[in-house]
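Coordinates in review
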Amino acid sequence: MSSSFRARTALIGASVALLIAASPIVAQSPSPMTSAAPGAPDLTGTALTVYSGRSESLVGPLLERFEAATGADLDVRYGDSAELAALLLEEGDRSPADVFFSQDAGALGALAGAGLLAPLAQATLDQVPPGFRDPAGSWVGLSGRARVLAWSTERLAEADLPASVTDLTDPAWKGRIGWAPTNASLQSFVTALRVLAGEDAARTWLDGIMANEPVVYEGNAQAVEGVAAGEVDVVLTNHYYVMRLLAENGDAYPVANHFFPAGDPGALVNVAGAGALASSDTPEASAALIGWLLGPEAQAYVATGTFEYPLVAGVAADPRLPALDAIGSPLVDLGQLADLQGTVALLQEVGALD
Amino acid sequence: MTNVPAVQRSRLRAPSARRPPLPLLAVAVGVGVLAALPIAYLVVRALGGDVGTLGLLFRARTVELVVSTLALGLGVGAGAILLGVPLAWVTVRTDLPGRRLWSVLVIAPLAVPSYLLAFAIVGALGPRGWVGDLLAPFGVDGLPSIYGAFGALLVLTLATTPYVVLATGAALRRLDPTTEEVARSLGDGPMAAARTAMVPVLVPAVGAGALLAMLYAVSDFGAISILRYDSLARAIHTQYRSTFDRAGAAALALLLIAIAMVLVWAEARIRRRAALRQPQGARRPPARVALGRWRIPALVLCAVVACLSLVLPVVTVAIWLVRGLGEGTAVTVDLVPLRDSLVLGGSSALLAIVVALPLAWLIVQVRGRTGALVERMLYVVYAIPGIALALAVVFFTLNVVPLLYQSLIALVVAVSVRYLVQPTGALRSPMLQVGPRTLEAARSLGQGTTGVVRTIVLPLLRPGILAGAALVFLSALKELPLTLLVAPTGFSTLATKVWDAAREGFFTQAAVPAALLLVVSSVSVALLMRGEDHA
């Protein structure tokens, strides 16, 4: 082989070796403290495996604080909630995971239904209002996510906004609505509609929306950006996207949240939550993590870091948002949102989904 | 065009009609078993469902999806050929100014993940894209919608053209000018002589590249979800994410595999008619074709392709970074994902090449049934949707080798097997030039088998080895679903970091790993092409 080839191969090999050797210097993993912070459980030396359907950019800092406060050593797998749920179902009782942190209740419900979640202590469950946890006690909500109508402050006035989410089927809204039918939150909302108003009413509503030719977005962030860009006037989304984009783009960002009246299907509040895996070999540590996530520090982070609703009493949400109990979520039991399959079938039937 | 008579063709077969050497067979069988495992998993899962699962396969909607998936695959394959062959020819055989730079630039899109490319193109050509804003004063009312079939075809063609360019370029570089000169001396004009000499060598190469492009297109999810094109891959994803049932998803995945098998079979039929060895003449570079007045159009073609498939994504990432920094968003430069990406990429490339060499030998030199079967299975594994493959790996490691569950070894093996078609395809063309006469001559001069391999075979195969290793490296860098579900917990690559930040809209945080990914990939592409030129 020619010398230039050898030289090049050697260069590549040396660079890779150098990077691998240098990585301990540049590695950013926090070293666990030798003593736990006062008030927090002492988990020094305990290794916990967490599967998180919530993005690292959202909850990474929070989990690092848990490590620093308790001395635990967390191994976190970040992914999509539904894909991680599929992984957990595939792993079954041989899963190495201890705690599952989910973006929405649907994935938690599926795992609970398969018997993979261990029941949580009543004291933990009681920290959260009854509507935001599993009635059977397998999982608990950690933060509230309210459905809203994000609307363009440049092109609309408050008076133009619909009184109920069902009014969006009015032909006056043709071409002006955006949504993300593949998004779990919207699918949860449609499930809630099916539960509250019945299958036929839900189908009628969906047909009405499809007749208004909604613009389809892949995700909530893109949908809200679509309002700002002028592609649509209103989108159905979760409340915190507007808050985050306001933070990123400044207060002049031309999109605002509109909360539907209490009891309206559009006023659904979903939760991100967590459950302890029954297969875990460190159940006390798993319970400690979930308990800590319901503690004051974590719940305050929910409000200021992610702009979601803290669920524990005594911790206030962002002052620009209406109070959680003022929203009036129509569903008492989030477990009723378990029939995601039926919702997907309905969405496919009306042509909103493949 | 002169046809090679049948008697000549049979004489070009390997003199050994005996059974293939046992070590090669062992490697092939091992790879074949690994490749069969995901299909077995999907069958197990699909059979575990109820009657409703079967009903899923026979909905009218599913038939529509099959049609749209096939259309996408064939369309992207055709597009990649139409774009890739001229690009390869223009950068290898002509006197195009700056052709070394262009040959790197047209391959460089391999460095860009498909969803990033889709983001960038939608950002430019979408409803509020800046291209529309630029053209508005000229009375252009609105661009054709970037969403749907047009966008999917455009983005996936741009993303996969490098496969055809690489394969075709490698074949053109290895081309022996003797055949062409002989044809000229026998009276063919320059165009006819070029066709006679080039077509038999190019067809297998272009076929391999185009097949990669087609299979990539039918299995891609990231780009088509952004471009809102309805294909089977998207339906499979929706099934996994909505039903938690896995049986319906497995059934649809098997349907996708069936489509992939059809495409593989079709390509094999076309290729069988044209596989020929190169005569073992002197290896000297063929004469360069002067472009003359075609110089400008050729340059324009190269520039447009490079702009759309490389410059746009780079500029998009730069905008994310600059915009966020301007708003005061904190940006951290974390090198651990870079290390993990390099470890994954390097190990996968190494393993893939080590396995691909004996496999390619079996396929090309021995030409037995085992090799052909294994190659087809590898193409199918390449086309399986990532999440299905990941769950298959989970299933088998947990049940068969629990010690390897969530280990780096399992991930590297999975990634290598997934992309093993790339090096075996890249080795096909150079392998065709290792003829039995050369081997016999080397042996008659006293070289043992290892000596022959070291001094004759490997140098001849070097361009294919480099190309194959680079392709696997790049694919491993961009890989997402296997890394998310199969890697050791806590192992994260640049690709997973980009995805994690971008899905929540934190584009500024996504920009740094995206930039690092582009830089590392581009460097490896540049090194690859320099090796090609010096060969």
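Worth saying up front: this structure is predicted, and the values here are computed from it rather than measured.

1. With respect to the side chain of Thr 282 of chain A
All names here are of chain A. Its location among the elements puts Thr 282 in the loop between β10 (269-277) and α10 (283-293). Accessibility expressed as a relative area gives 16% for Thr 282, which makes it buried. A distance of 3.5 Å separates the side chain of Thr 282 from the side chain of Asp 98, its partner in a polar contact. Those residues in contact with Thr 282 that lie beyond four places of it in its chain are Thr 46, Ala 47, Leu 48 and Asp 98.

2. Notes on the interface of chain A and chain B
How big an interface is tends to be expressed through the accessible area that disappears when the partners come together. Taken together, the 61 residues of chain A in the interface contact 61 residues of chain B. For the pair chain A and chain B, the summed buried area comes to about 5300 Å², and 55% of that belongs to carbon and sulfur atoms. The partner of Glu 56 of chain A in a salt bridge is Lys 497 of chain B, and the shortest N-O contact between them spans 2.8 Å. Seen at the junction of chain A and chain B, the total is 19 residue pairs in polar contact (both at pLDDT 80 or more). At 9 residues, the largest contribution of residues to the side of chain A that touches chain B is made by helix α3 (residues 81-91) of chain A. Grouping the amino acids of the side of chain A that touches chain B by side-chain chemistry returns 30 nonpolar, 16 polar and 15 charged.

3. As for a nonpolar patch on the surface
On the surface, a cluster of nonpolar side chains totalling about 460 Å² of accessible area is made up of Trp 130, Leu 134, Leu 135 and Phe 138 of chain B. A residue is classified by how much of its surface remains accessible, and Trp 130 of chain B, at 46% relative accessible area, is partly exposed.

4. Quick word on the pairing of strand β5 (residues 139-152) of chain A
All names here are of chain A. Most of β5 is tucked away: 14 of the 14 residues are buried. When β5 meets β10, the two strands line up antiparallel, connected through 7 bridges. When the bridges of β10 are listed, Ser 143 appears paired with Ala 272. As paired strands, β5 and strand β11 (residues 309-310) are joined by 2 bridges and run antiparallel to one another. Bridge pairing links Gly 144 to Tyr 309 in β11. Taken together, the 4 bridges between β5 and strand β9 (residues 255-258) define a ladder with antiparallel strand orientation. What sits directly across from Ala 150, in β9, is Asn 257.

5. With respect to the environment of Ala 303 of chain A
Relative to the helices and strands, Ala 303 of chain A is located in helix α11 (residues 296-305). Considered as a pair, Ala 303 of chain A and Met 243 of chain A are 60 residues apart in the sequence and their alpha carbons are 11 Å apart.

6. Section: the pattern of salt bridges
Under the defined criterion, the tally for this structure stands at 20 salt bridges over all chains. Counted as one network, the salt bridges with shared partners bring together Glu 154, Arg 155, Arg 176 and Asp 233 of chain A.

7. Overview of the domain arrangement of chain A
All names here are of chain A. According to the domain assignment, chain A consists of domain 1 (3-144 + 270-321) and domain 2 (145-268 + 339-349). Each partner contributes residues to the interface: domain 1 has 16 residues there, and domain 2 has 14 residues. Both faces combined, the contact of domain 1 with domain 2 buries some 1200 Å², and carbon together with sulfur accounts for 56% of it. The tally of links from domain 1 across to domain 2 stands at 1 salt bridge. When the shortest N-O distance is used, the salt bridge between Glu 308 and Arg 244 registers 3.4 Å. Of all elements in the fold, only β5 and β10 reach the threshold of two or more residues within the side of domain 1 that touches domain 2. By residue class, the composition of the side of domain 1 that touches domain 2 is 6 nonpolar, 5 polar and 5 charged.

8. Describing the environment of Ala 260 of chain B
Residues and elements named next belong to chain B. Within the secondary structure, Ala 260 sits in helix α13 (residues 247-272). Between the C-alpha atoms of Ala 260 and Ala 487, which are 227 residues apart in sequence, the distance is 26 Å. Apart from residues no more than four positions distant in its own chain, Ala 260 is found in contact with Leu 215 and Ala 383.

9. Some words on the confidence of the model for chain A
When pLDDT is averaged along chain A, the result is 85, and 88% of the positions lie at 70 or above. Segment residues 22-36 of chain A: pLDDT under 50, and 19 contacts once partners within four positions in sequence are set aside and those in other chains are kept.

10. Examining unusual backbone geometry
The bulk of non-glycine residues show a negative phi, and the bulk of peptide bonds are trans. In this model, Phe 307 of chain A sits at a positive phi of 65°, which is unusual for a non-glycine residue. Given the relative accessible area of 12%, Phe 307 of chain A is considered buried.

Reading guide: rules and limits
Residues numbered from 1 in each chain as written. Chains lettered and ligands numbered in written order. Predicted model: local features only at pLDDT ≥ 70, side-chain atom pairs only at ≥ 80, totals over all residues. Heavy atoms only, no water. Helix = DSSP H or I, 4+ residues; strand = E, 2+ residues; numbered from the N terminus. Buried < 20%, exposed > 50% of the residue type's maximum accessible area, 1.4 Å probe, protein only. Polar contact = N/O pair within 3.5 Å; in protein donor to acceptor, adjacent residues only side chain to side chain. Contact = heavy atoms within 4.5 Å. Buried area = accessible area lost by both parts, 1.4 Å probe. Salt bridge = Lys/Arg side-chain N within 4 Å of Asp/Glu carboxyl O. Nonpolar A, V, L, I, M, F, W, Y, C, P; charged D, E, K, R; others polar. Patch = residues over 30% accessible without salt bridge, like charges linked within 9 Å, V, L, I, M, F, W, Y side chains within 5 Å. Areas by Shrake-Rupley, 256 points an atom, 1.4 Å probe, with all protein chains shown as cover. Pairing = 2+ DSSP bridges. Domains from an automatic or database assignment. pLDDT = per-residue confidence, 0-100.

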